[in-house]
Amino acid sequence: MTTVTEATGGAPVRTVRPRGGIGRSVRDSLVVAQRNLIRMLRIPEVVIFGLIQPIMFVVLFTYVFGGSINVPGAPVGDAQAYHEFLMAGIFAQTVTFATAGAGAGIADDMHKGLIDRFRSLPMSRGAVLTGRTLADLVQTALTLVVLAVVALLIGWRTHENLAEVLAGFALLLLLGYAFSWIGALIGLTVRTPEAATSGGLIWLFPLTFISNAFVPVNGMPAFLQHVAEWNPFSATVAAARLLFGNTIAGVPRSVTGAWPMEHPVVASVIWSVLIIVVFRTLAVRKYRSATA
Amino acid sequence: MPGAIYAEGLVKTFGDVRALDGVDLDVPEGTVLGMLGPNGAGKTTAVRVLTTLLRPDRGKAVVAGIDVLARPDEVRRSIGLSGQFAAVDEYLTGRENLTMVGRLYQMSGREAKRRAVELLERFHLGDAADRITKTYSGGMRRRLDLAAALVVSPPVMFMDEPTTGLDPRNRQELWDVIQELVAGGTTLLLTTQYLEEADRLAHDICVVDHGRVIARGTADQLKARTGGERVEVVVHAPEHLTVADEVLRGFGKGEGTVDPHTRKLTVPVTGGAKLLAEVIRELDLRGVEIDDIGLRRPTLDDVFLSLTGHHAEGDADDGADDGSAGRADTDGGAVGRQKRGRGGAGTAGADTGTTSDREGVK
Ligand SMILES: Nc1ncnc2c1ncn2[C@@H]1O[C@H](COP(=O)(O)OP(=O)(O)O)[C@@H](O)[C@H]1O
Ligand SMILES: [Mg+2]
C-alpha cells in the first residue's frame, strides 16, 4: 500500500429519504419518461421514420386499393368509402408499432448496462419500464396527430362530434400503450436492440392483417372471419371506426356475431386493460431478475 | 464484527458454469479490497450479487450492516456501483445523467442539480457538462460513471474493472480519483485484472479463479511470492547469450533464466526504469545486439503461475508493464505497444471486454 492512509470511518451519507408506494413510483416513472423523451428529441430520426411508414400506407392503400375494395353498404368502387373505412385501421396499426420502439429501447438499455445501473438504485421497481412506455405513448400521440392531418388533407372525414372522435383516439392510444408493454417484455427477453426491433414487428403483420383493419372481413374464409373478429386488435379498429363515424348505416357490425364486434368500445377497453395487466406483471417480474 | 462488506459461502451457477463456488469475503470498514482475477473468474458475478442485482443460489451477504438478500432496497440506498462498462446514457449530457441518477436516489430536483454540478467539477467534466456523452472519450465516460456511483456519497462502493480499456493517462487520472475517495473513508470493493492496479489502490487483495478465492493477502505478500520486477531481454543472435547473461547477472538481484530457444533472458531486479537504461547502455557497450528489452512487473499471470502452477487462462493479459516507462523496442519500436481495450473513445458497445495485448513480450 502506498498512498491510502488510515481509514477514517464511514464517509458522510447524504440523506436518502426512504420513500415508498405510489408517490415514489409516479415520480421515478416521470424521471425515466423525461429521460426517454429527451433522447427522442436528440434522435429525431426515430420519430420521423416512425411517421413515414403509416403515411406511405395511407397513400398506397387509398390510391392503389381504394377503387377495388368494396366496403359493405357502399356503392361499388366508392373510393371515399374505403378511405374512411381504412383510416381507423391504419391508425390502429400505427399505434401497435410502439411495441418495437419500447422493445428496442429497453433492449438497448440492457445492452449498455443502464438497466443494471437503474436496478442498483433505490428506485421503484416498475419505473424504468413505466417511464419507457409513457414516453412511447407521447411519441405515439405525436405520430397520430401528424397522420390524422395527412389523412384529412387527402380527404378523410369524421362524422361524429369532437368528443366521440377524441374518444376514438383515446382508445387507439390505450391500445398503443398496451402494446408497448408487450414490447417491454420482448426487450427484456431478447437483449439486443436489433432482435427486439424485428421481434417486436414481425408478429404485428399477421395480427394487423388478419383483422378488420384493411379489408372488410366479409371476403375472408369463414375460419379467418372468426379469428379476425375475435382479434383484440379488431376491437379497437371497430371502436375507432364507430366513434369517427366511419361506418355505414344499416350494415351489421359483425359477420360472425362475435361479441367484441357487437360492443367494440367496451371490448376495446377490456382487451387493452387485460394486455396491460398481464404484460406489465410479466415485464416487471422479468425486470426484477434481469441479468444482462 | 463483520466488515462493511461481508459474504459467506456465495454460490451462483449458470447452467454448468459455477461462476461463484463458495466465496467468502470480509472487508473492514474504510478499507479497499482488490479482487484480482482473469476474465471469467467470477468477479462481475460477485459484484452483482453484492449489489442486489443477482440472487445467489446459496450463501449470505451483508453490506453496510444490511442483509443483501432480505433487504435489498435498503442496501441500494447505501451503495454506489460503477459496473464493468460505463453505464451512462449516451444521448444525455453529463449533467443530465447525474441529475437523473440523483433524482432516482430520491433527491429533490434542486438538490440533484446542485450535486451534479459539484461532481462534474470534481471529476474534471465541468467543460463537457452540457455535451451529450456520446461525444465523450472512454476516460470521460468512466469518470462520469464513477461520479454517478458517488451521487449520494455512499459508505460502500463497488467498482468492477474501473480502468479496463483506458489508456495509461486516463488510468492514472482515475486512480487519483479513487485514491482521493478512499482517503475519505469509503469502503471499496474493486475488481481488476491488473496486479499493479490492486497494488496501487487496495489494502488487501484476494485472487479469484473459477469462482473461488485462491489467495488472500497484501500486495507485498503476493509480490513476494512472484518475485517482483524483472528485466527481460531478447538478443538478436544466439552467440550473444553468454555475454548478455554476464551483463544481466551484474545488475540482477537473484537467479535469472536463459532460454536459448527464444534467445530470451530474464533477471529479477530492483530499480525500475533508471536501471533499464543502464542495462541497455551496458549491453550496447559490450556489443550485444538486442531485439527486444523491457522491464516486466509481476502480472496477474505471474501471480497465477506461482499460485497454481498454470497460466491465468483465456484473456488474462499482461497488464503489468502498463505505465512502466522503462520499455524500449529496439527493432523500430513498432511492436504496437499498449492501447489495451475497447479502443478508447467511441466504443460504448459491450460484448465481453475481452482484451489482450500479448504482443509486447513474446
Ligand atoms: N448471465 C450469465 N449467464 C451465463 N453465464 C454467465 C452469466 N454471467 C456470467 N456467466 C459465466 O460465469 C463465469 C464468471 O463470469 P464473470 O463473473 O462475468 O467473470 P469476470 O467478471 O471475472 O470476468 C463466466 O464463465 C461467465 O461466462
Ligand atoms: Mg467482469
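Per an unreviewed UniProt entry, chain B goes by Daunorubicin resistance protein DrrA family ABC transporter ATP-binding protein and derives from Streptomyces kronopolitis. The annotation that UniProt attaches to chain B under Subcellular location (unreviewed entry) is "Cell membrane". UniProt lists a comment for chain B under the heading Sequence similarities (unreviewed entry), and it reads "Belongs to the ABC transporter superfamily. Drug exporter-1 (DrugE1) (TC 3.A.1.105) family."

Going by the annotation in an unreviewed UniProt entry, the name recorded for chain A is Transport permease protein, with Streptomyces kronopolitis given as the source organism. Under Sequence similarities (unreviewed entry), UniProt gives the following word-for-word description of chain A: "Belongs to the ABC-2 integral membrane protein family."

Remarks on the site of ligand 1
Residues and elements named next belong to chain B. Around ligand 1 sit Phe14, Val17, Ala19, Pro38, Asn39, Gly40, Ala41, Gly42, Lys43, Thr44 and Thr45, and those are all the residues in its vicinity. At 3.1 Å, a backbone N or O of alanine 41 approaches an oxygen atom of ligand 1. One of the side-chain nitrogen or oxygen atoms of threonine 45 is found 2.5 Å away from an oxygen atom of ligand 1. Computed on the free molecule, ligand 1 has an accessible area of 560 Å², of which 67% lies beneath the protein chains in the complex. Going through the elements one at a time, strand 2 (17-27) and helix 1 (43-50) are the ones with two or more residues in the shell around ligand 1. For the shell around ligand 1, the leading source of residues is helix 1, giving three residues. For the shell around ligand 1, the class distribution of residues is five nonpolar, five polar and one charged.

Describing the side chain of arginine 142 of chain B
All names here are of chain B. With respect to the helices and strands, the residue arginine 142 is situated in helix 5 (residues 138-149). You can call arginine 142 buried: its relative accessible area is 4%. Here glutamine 84 takes part through its backbone oxygen, which lies 2.5 Å from a polar atom of the side chain of arginine 142. At a separation of 3.1 Å, a polar atom in the side chain of arginine 142 contacts the main-chain carbonyl oxygen of proline 162. If we skip the residues at most four places from it in the chain, arginine 142 touches Ser82, Gly83, Gln84, Phe85, Ala86, Asp160, Glu161, Pro162, Leu166 and Leu174.

A word on the coordination of the magnesium ion (ligand 2)
Surrounding the magnesium ion (ligand 2) are the protein donor atoms Thr44 of chain B (OG1) and Gln84 of chain B (OE1), at 1.9 to 2.2 Å. Of this pair, threonine 44 of chain B sits in helix 1 while glutamine 84 of chain B sits in the loop between strand 6 (79-82) and helix 3 (94-104), and the two are 40 residues apart along the sequence.

As for unusual backbone geometry
All names here are of chain B. In this structure, threonine 52 takes a positive phi of about 75 degrees despite not being glycine. Relative to the elements of secondary structure, threonine 52 occurs in the loop between helix 1 and strand 4 (58-63). The phi torsion at arginine 263 lies on the positive side, around 60 degrees, for a residue other than glycine. Examined against the element boundaries, arginine 263 turns out to sit in the loop between strand 12 (257-259) and strand 13 (264-268).

Examining the sheet that holds strand 5 (residues 66-67) of chain B
Residues and elements named next belong to chain B. Within the open sheet, the four strands sit side by side as 2-1-4-5. Their pairing is antiparallel. Only two strands of the sheet have a single neighbouring strand rather than two, namely strand 2 and strand 5. Pairing of strand 4 with strand 5, which is carried by two bridges, proceeds in the antiparallel orientation. What sits directly across from valine 62, in strand 5, is aspartate 67.

A closer look at the packing of helix 6 (residues 127-153) of chain A against helix 7 (residues 162-190) of chain A
Residue and element names in this part refer to chain A. Packing of helix 6 against helix 7 leaves a shortest axis separation of 9 Å and a crossing angle of 135 degrees. Looking at the two axes, helix 6 sits oblique to helix 7. By crossing handedness, the relation of helix 6 to helix 7 is classed as right-handed. Counted together, Leu129, Thr130, Thr133, Leu134, Asp136, Leu137, Thr140, Ala141, Leu144 and Ala148 of helix 6 and Phe169, Leu172, Leu173, Tyr177, Ser180, Trp181, Ala184 and Leu188 of helix 7 form the full contact between these two elements. In the contact of helix 6 with helix 7, the residues fall into 13 nonpolar, four polar and one charged.

Notes on the packing of helix 4 (residues 98-111) of chain A against helix 8 (residues 193-201) of chain A
All names here are of chain A. Axis separation between helix 4 and helix 8 bottoms out at 8 Å; the angle between their running directions is 160 degrees. Here helix 4 is positioned roughly antiparallel relative to helix 8, judged by the angle of their axes. Between helix 4 and helix 8 the crossing geometry is right-handed. From helix 4, Thr99, Ala100, Gly103, Ala104, Ala107 and Asp108 reach across to helix 8, where they touch Pro193, Ala196, Thr197, Gly200 and Leu201. Taken together, the residues that form the contact of helix 4 with helix 8 break down as six nonpolar, four polar and one charged.

As for the UniProt feature "transmembrane region" (unreviewed entry) in chain A
Residue and element names in this part refer to chain A. Taking the numbering used here, the UniProt-annotated feature "transmembrane region" (unreviewed entry) corresponds to residues 46-65, 85-107, 128-154, 166-188, 200-224 and 265-283. Secondary structure content for residues 200-224 is 44% helix and 0% strand, while the C-alpha to C-alpha distance between its ends is 23 Å. As annotated, residues 265-283 comprises 100% helix and 0% strand, and the C-alpha atoms at either end are separated by 27 Å.

Each value, and the rule that gives it
Residues numbered from 1 in each chain as written. Chains lettered and ligands numbered in written order. Predicted model: local features only at pLDDT ≥ 70, side-chain atom pairs only at ≥ 80, totals over all residues. Heavy atoms only, no water. UniProt positions renumbered as here; feature names shortened; annotations may be inferred. Near = heavy atom within 4 Å. Polar contact = N/O pair within 3.5 Å; in protein donor to acceptor, adjacent residues only side chain to side chain. Areas by Shrake-Rupley, 256 points an atom, 1.4 Å probe, with all protein chains shown as cover. Helix = DSSP H or I, 4+ residues; strand = E, 2+ residues; numbered from the N terminus. Nonpolar A, V, L, I, M, F, W, Y, C, P; charged D, E, K, R; others polar. Buried < 20%, exposed > 50% of the residue type's maximum accessible area, 1.4 Å probe, protein only. Contact = heavy atoms within 4.5 Å. Donors = N, O, S within 2.8 Å, 3.2 Å for Na, K, Ca; no water. Pairing = 2+ DSSP bridges. Axes fitted to C-alpha atoms, helices over the stretch in contact; angles between N-to-C directions. Parallel < 35°, antiparallel > 145°, perpendicular 65-115°, else oblique. Left-handed = near helix turned anticlockwise from the far one by under 90°.

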